[in-house]
Amino acid sequence: MTRRLLSTLILGSMLSGCASTSLYTWGTYEDDLFKYFHDPAQKELAVEHHLDLVQKLTAADQVVAPGLYAEAGTFAFLEGDKATAVKFYALEAELWPESRPLMTVLINNLEAN
Amino acid sequence: MRVFKSFLIVLIAVAVTGCATTTTMDFSQYHETKPRSILILPVVNDSLDVEAPTFVLATLPRVLAEKGYYAFPVNTVKTLLEFEGLYTPAEIHARPTSELAELFGAESVLYVVIHSWTSKYLLFTTTTEVDFEYTIRDKNGEQLWSARKKMAYTPQNNNNSGGAFALVAMAVSAAVEKAKPSYLPLTRQANNNVFYIDNTRIPPGPYSPIYDDYYVKLQGE
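Bear in mind that the values here come from a model prediction, so they are computed numbers and not experimental data.

What counts, and where the lines are drawn
- Residues numbered from 1 in each chain as written.
- Chains lettered and ligands numbered in written order.
- Predicted model: local features only at pLDDT ≥ 70, side-chain atom pairs only at ≥ 80, totals over all residues.
- Heavy atoms only, no water.
- Contact = heavy atoms within 4.5 Å.
- Buried area = accessible area lost by both parts, 1.4 Å probe.
- Salt bridge = Lys/Arg side-chain N within 4 Å of Asp/Glu carboxyl O.
- Polar contact = N/O pair within 3.5 Å; in protein donor to acceptor, adjacent residues only side chain to side chain.
- Helix = DSSP H or I, 4+ residues; strand = E, 2+ residues; numbered from the N terminus.
- Buried < 20%, exposed > 50% of the residue type's maximum accessible area, 1.4 Å probe, protein only.
- Axes fitted to C-alpha atoms, helices over the stretch in contact; angles between N-to-C directions.
- Parallel < 35°, antiparallel > 145°, perpendicular 65-115°, else oblique.
- Left-handed = near helix turned anticlockwise from the far one by under 90°.

## Brief notes about the interface of chain B and chain A
Put simply, an interface is often sized by how much accessible area is lost when its parts join up.
No. 1: Listed as interface residues are 39 residues of chain B and, on the opposing side, 34 residues of chain A.
No. 2: The contact between chain B and chain A buries some 3,200 Å² in all, and 69% of this surface belongs to carbon and sulfur atoms.
No. 3: It is Glu66, Tyr70 and Asn75 of chain B in chain B that bury the most area against chain A; as a group they hold 20% of the surface buried on that side.
No. 4: At the boundary of chain B and chain A, one finds two salt bridges.
No. 5: A salt bridge links Arg36 of chain B to Glu98 of chain A, with the nearest nitrogen and oxygen atoms 2.9 Å apart.
No. 6: Put simply, chain B and chain A have 13 residue pairs in polar contact (both at pLDDT 80 or more) between them.
No. 7: Contributions of two or more residues to the side of chain B that touches chain A are made by α1 (2–17), α3 (52–66), β3 (70–71), α4 (74–83), α6 (97–104) and α8 (183–197) of chain B.
No. 8: Counting residues per element, the side of chain B that touches chain A draws most heavily on α3 of chain B, which supplies nine residues.

Right, here's the structure in full:
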């Protein structure tokens, strides 16, 4: 009996090991970045994907991972859409205090120009 | 019997520690600084593969954010550095850490250098290898942590039929590995090992559910 318990414990701790549950949903963020950097034909699609991801997470009331709103803002900014960029930078700042100094600078720059 | 017993003890020890290995690294400076955020700089590439640095760069935010840190958005950072006139990773790494940290309001900065990113094709085997060096500095430039990781992968064949067929199978899997080398799985494994598993694994960040426990325990020691 004790033996059984022991082996169950061993098995359990072996299985759990270093496994940890995810804090955030990343969707295809990494893949989108590869495409964005290396595949000009898929660049637009990668941006679209990313915007979809943050919108879906926001709609589902899920915590959007660090940096994902900011990346959406930068994609928008590079496409010339300043208003959307400001909106996303503000969301990043609101959710992640560590991003505030940078986001404030970016928002101020965009609003000044 | 004695052998069996000691084997069991080893097994239990392994099971209890899980994937943990004994910590020999000095984390005192890291523990004192307790950075909340990590600025991931563009990756310096000493290999010949032009895609390598962006592949590595894109795999880092998730690893660090899941560890509980605020990881700065890598494409936003790269874009802003370009606006500042800093285009190449080498010139970015050469700037004072304090200047970069201040520019982004970061509490720490991660530098990654790719030493090797190759796939060597011999007649019947292809070996893919990556070798990375990671360093985290605090916002004043003081080194908090560093690790170096080399990973290699050679596809194995379990074809026991022998003879010509086995050679064909080997050649095919070597060719497959050559055409599509396992850089990404190796990169993920290297990241995972240095940040989560090896004795270099970094302390949890402020958004980790075990952050408070970690530092409370540390004070008790």
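## As for the side chain of Ser37 of chain B
No. 1: Inspection of the secondary structure assignment puts Ser37 of chain B in strand β1 (residues 37–40).
No. 2: Ser37 of chain B sits in the buried class, given a relative accessible area of 1%.
No. 3: Within the structure, the side chain of Ser37 of chain B is placed 3.0 Å from the backbone nitrogen of Glu107 of chain B, a separation counted as a polar contact.
No. 4: Beyond its immediate sequence surroundings of up to four residues, Ser37 of chain B is in contact with Glu98 of chain A together with Tyr70, Phe72, Gly105, Ala106, Glu107 and Ser108 of chain B.

## Description of the packing of helix α2 (residues 29–38) of chain A against α3 of chain B
No. 1: Relative orientation of the contacting elements α2 of chain A and α3 of chain B amounts to 155°, with a least axis distance of 9 Å. Our classification of the angle between α2 of chain A and α3 of chain B gives roughly antiparallel. Where α2 of chain A crosses over α3 of chain B, the two elements pack in a sense that is right-handed. Listed contacts from α3 of chain B to Tyr29, Glu30, Leu33, Phe34, Phe37 and His38 of chain A of α2 of chain A are Thr54, Phe55, Leu57, Ala58, Thr59, Pro61 and Arg62 of chain B.

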